Structure formats: structure tokens, C-alpha cells
Amino acid sequence: MWYCPSCKKHQQASKKLDLWRLPEILVIHLKRFSYSWSLKNKLETFVDFPINDLDLSGYLVHSISNFPCKYDLYAISNHYGGLGGGHYTAFIKHGQGRWYEFDDERVSPIRLDEIKTSAAYVLFYQRVPG
């Protein structure tokens, strides 16, 4: 519930986000940690994010017909572990669209169907040329 400063009551409300222009590189940080009075939790909810053709045209305030609004995923930062400690890895698309897992000193190929996990923490997208 949102507190309205005019009527001084809690009201049902919705939040709206409008974009005026889109960046070349889009970074999406997924909320993975929850804090309340005395509780701190690691959130491991699976998020089904698009790999190709993330379309943000519906979020632009002024639609520009020739402006590219689609993005392709090219990297994922993953976090494994909890609040007290953890481990980071990355999945990165490199070369002819091949995906690789980077884990400390080890780099190995990974299949496309393996890159979506509940450990995904930060998503990196590049705008697709129009």
C-alpha cells in the first residue's frame, strides 16, 4: 500500500517505469538478497529471462520507428552460496555464438540450455542493430 500525502491515507497503487532512450549495453541486476528486521535471506527463485530478442519498445515514452529496441543476452554473472560467503561464476557468449562457463581458472564450453539457472545474478544484454 502506498501512503498518499494529499489524502493522508494508504491507497492501492501501481508503479510505472518509462524509458526515454535505450543504452547500447543493458545490465539487469536481479534481486537475490532479502533483508527484514532480523532476517537476511538469499533468494534463489528461478527467473526465466530471454536469451534473444528482449524487446523494450513497449517501455519507451516516444516510439522511434527506426530505433532498435531489441537486445540479445551475451553474459550472465552467477552467485552460488549464501549471505556469509559464496562463489561467483560467469557464462559468456564468445565467438560464433558459443557459450562458455568461467569458473576461477577454468573455462569450459556450456550448452545453451544450461545457462538459465537460479544462480543468475546479473544479466548483460547488447542492443541488436536495426
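Cut-offs used in this document
Residues numbered from 1 in each chain as written. Predicted model: local features only at pLDDT ≥ 70, side-chain atom pairs only at ≥ 80, totals over all residues. Heavy atoms only, no water. Helix = DSSP H or I, 4+ residues; strand = E, 2+ residues; numbered from the N terminus. Buried < 20%, exposed > 50% of the residue type's maximum accessible area, 1.4 Å probe, protein only. Polar contact = N/O pair within 3.5 Å; in protein donor to acceptor, adjacent residues only side chain to side chain. Pairing = 2+ DSSP bridges. Disulfide = S-S within 2.5 Å. pLDDT = per-residue confidence, 0-100.

A. Just the side chain of Ser108, in detail. Secondary-structure assignment places Ser108 in strand 10 (residues 106-110). Using a relative accessible area of 19% as the deciding quantity, one classes Ser108 as buried. Reaching out from Ser108, the side chain makes a polar contact with the side chain of Arg106 at a distance of 2.9 Å.

B. Seen up close, the pairing of strand 9 (residues 98-103). Side-chain alternation along strand 9 places Trp99, Glu101 and Asp103 on a buried face and Arg98, Tyr100 and Phe102 on a face that remains uncovered. Hairpin connection from strand 8 (residues 86-94) to strand 9: three residues lie between these consecutive antiparallel strands, with Gly95 at a positive phi of about 70°. In this sheet, strand 10 lies alongside strand 9 in antiparallel orientation, the contact comprising five bridges. Bridge assignment links Trp99 to a residue of strand 10, and that residue is Ile110. Joining the antiparallel neighbours strand 9 and strand 10 is a turn of two residues, in which Asp104 adopts a positive phi near 55°.

C. Representation of the environment of Tyr80 within the structure. Inspection of the secondary structure puts Tyr80 in strand 7 (residues 70-81). For Tyr80, a relative accessible area of 34% corresponds to the partly exposed category. Considering only alpha carbons, one finds Tyr80 and Tyr121, 41 residues apart in sequence, at a separation of 9.4 Å.

D. Quick peek at unusual backbone geometry. At Asp53, a position not held by glycine, the phi torsion is positive, near 60°. Here Asp53 is to be found in the loop between strand 5 (40-42) and strand 6 (54-55). A positive phi angle, close to 55°, is found at Asp104, a residue other than glycine. By the secondary structure assignment, Asp104 is in the loop between strand 9 and strand 10.

E. Layout of the state of the cysteines. As enumerated under the stated definition, the model contains zero disulfides in all. Left unpaired, Cys4 is separated from the closest cysteine sulfur, that of Cys7, by 3.6 Å.

F. Local environment of the confidence of the model for the protein chain. A residue-level look at the protein chain finds 97% of positions with pLDDT of 70 or above and a mean pLDDT of 90. Between the elements of the protein chain, mean pLDDT differs from a low of 79, seen in strand 4 (residues 33-35), to a high of 98, seen in strand 9.

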